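Spelled out, the chains give:
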Amino acid sequence: MRVDTDDFARPCSCGREHHIEVKEIIIEAGAVEKLEVMLDDGMLREYISPVIICDTNTFAATEEIMENIYDRCEVIILDAEGLQADQRAVEVAFQNMDDEMDLILAVGTGTIHDISRYIAHEYGIPFISVPTAASMDGFVSSVATMTWNGLKKTIPSVAPLCVIADTDIFSKAPKRLNASGAANILGKYISLADWRIANLVAGEYLCERAYEMEEQALRLVKSCIRGIPSEDEDDCENLMKALIISGLAMQIVGSSRPASGAEHHMSHLWKMEVINGHLDAYHGEKVGVGLLLCIDKYNQIARAIRRGACHIVKYEGIENVLLKRIFQESGKLEGILEENTPDPLIAVVPEHLEKMSPYDCVDYRGTAG
Ligand SMILES: [Zn+2]
Ligand SMILES: [Zn+2]
């Protein structure tokens, strides 16, 4: 399966010009053999000093199948135990880099990709994504989500030059990881609803093409979800394709807006561990729980709107007392306030809401077919 990135270059009705930085996306069994050919005398032949960044788990999972590639590269293996995309991991990787290195191969999932794209950006060199699980939709992202001084920060870095997703590798990933990737895509029921609502009530920019790409990702996951636990090759490839398409939708609009709404905010809040202790849950698993909580709430609100039981109240501004109570002790209050300045809710005009018909409100269970 090849995803043609030229497809996205045509003019768009949203009025913006969209760019895809990724040059090549291969999702198939035996993809790493193609990577070898690309390094030998294909589009990657100019890179003579590649380095692999992986962790102890992803190294063990790929050591055999990628033997020839490991042999020709420098290899940085980070300890998978408690590994996070933070200063410590970046420092360890930096210590093992040398100035000759001209290409990074990120062999792993989210954390390895975030570390790799950050380092690639710092060194001004490209990186290749080799996903070892269909666990998240950020493989083609151009921003790195890093934990800097305890706060999650989105740091501009680089998108991969190519994605080489070998079904023989990612279909055999731990089942919880691939399930978490599927849940991440199902979360789009909420993120797409949020985007549409923000467009309707606050006039926020919305690109119909990116929106449709996320709907396509949803349809793909709905069609393949049953075969993922049994490692069905086609179904796993469809899951990976859905994750890549979702990532490309973010890339064309230059933000995570198409793929991340209230369900992701919940996931990020739980990850900050200010209202809960440490959770042994993957990102997609938290998104899945956020999705269920949001669906309940949104349908409740939709029913109330249809009954005419919803009333518009005056917005009183950011809930400073609540925020102070929750975030001050952990020292995160300042960061939270900074992120919400200017107040995003200011853009919602009450008069505008009054004028809207209850029939603008859709049943979210019905989107994406
Ligand atoms: Zn996500
Ligand atoms: Zn557009």
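All figures in this text were calculated on a predicted structure; none of them were measured in a lab. (Residues numbered from 1 in each chain as written. Chains lettered and ligands numbered in written order. Predicted model: local features only at pLDDT ≥ 70, side-chain atom pairs only at ≥ 80, totals over all residues. Heavy atoms only, no water.)

**Describing the pairing of strand S8 (residues 151–156)**
Right, on to step 1. Looking at chain direction, strand S7 (residues 143–148) and S8 are connected through six bridges and run antiparallel. In the strand pairing of S8, Val 143 is matched with Pro 156.
Right, on to step 2. Between the antiparallel neighbours S7 and S8 lie two residues, among them Asn 149 with a positive phi of about 50°. (Pairing = 2+ DSSP bridges. Helix = DSSP H or I, 4+ residues; strand = E, 2+ residues; numbered from the N terminus.)

**Examining the packing of helix H4 (residues 87–96) against helix H5 (residues 110–123)**
Right, on to step 1. Contact geometry of H4 with H5 gives a least axis separation of 10 Å together with a crossing angle of 55°. Judged by the angle between their axes, H4 and H5 are oblique. Read as a crossing pair, H4 and H5 show a hand that is right-handed. Residue-level contacts link Ala 89, Val 90, Ala 93 and Phe 94 of H4 to Ile 115, Tyr 118, Ile 119, Glu 122 and Tyr 123 of H5.
Right, on to step 2. By residue class, the composition of the contact of H4 with H5 is eight nonpolar, no polar and one charged. (Axes fitted to C-alpha atoms, helices over the stretch in contact; angles between N-to-C directions. Parallel < 35°, antiparallel > 145°, perpendicular 65-115°, else oblique. Left-handed = near helix turned anticlockwise from the far one by under 90°. Contact = heavy atoms within 4.5 Å. Nonpolar A, V, L, I, M, F, W, Y, C, P; charged D, E, K, R; others polar.)

**Description of the domain arrangement of the protein**
Right, on to step 1. Looking at the protein, the domain boundaries give domain 1 (1–172) and domain 2 (174–369).
Right, on to step 2. At the junction of the two partners, domain 1 supplies 37 residues and domain 2 supplies 37 residues.
Right, on to step 3. Approximately 3200 Å² of surface area, both sides summed, lies buried where domain 1 meets domain 2, with 63% of it carried by carbon and sulfur atoms.
Right, on to step 4. On inspection of domain 1 and its partner domain 2, the count reaches one salt bridge.
Right, on to step 5. Salt-bridge contacts for Asp 137 lead to Lys 188; the nearest nitrogen and oxygen are separated by 2.7 Å.
Right, on to step 6. Linking domain 1 with domain 2 are nine residue pairs in polar contact (both at pLDDT 80 or more). (Domains from an automatic or database assignment. Buried area = accessible area lost by both parts, 1.4 Å probe. Salt bridge = Lys/Arg side-chain N within 4 Å of Asp/Glu carboxyl O. Polar contact = N/O pair within 3.5 Å; in protein donor to acceptor, adjacent residues only side chain to side chain.)

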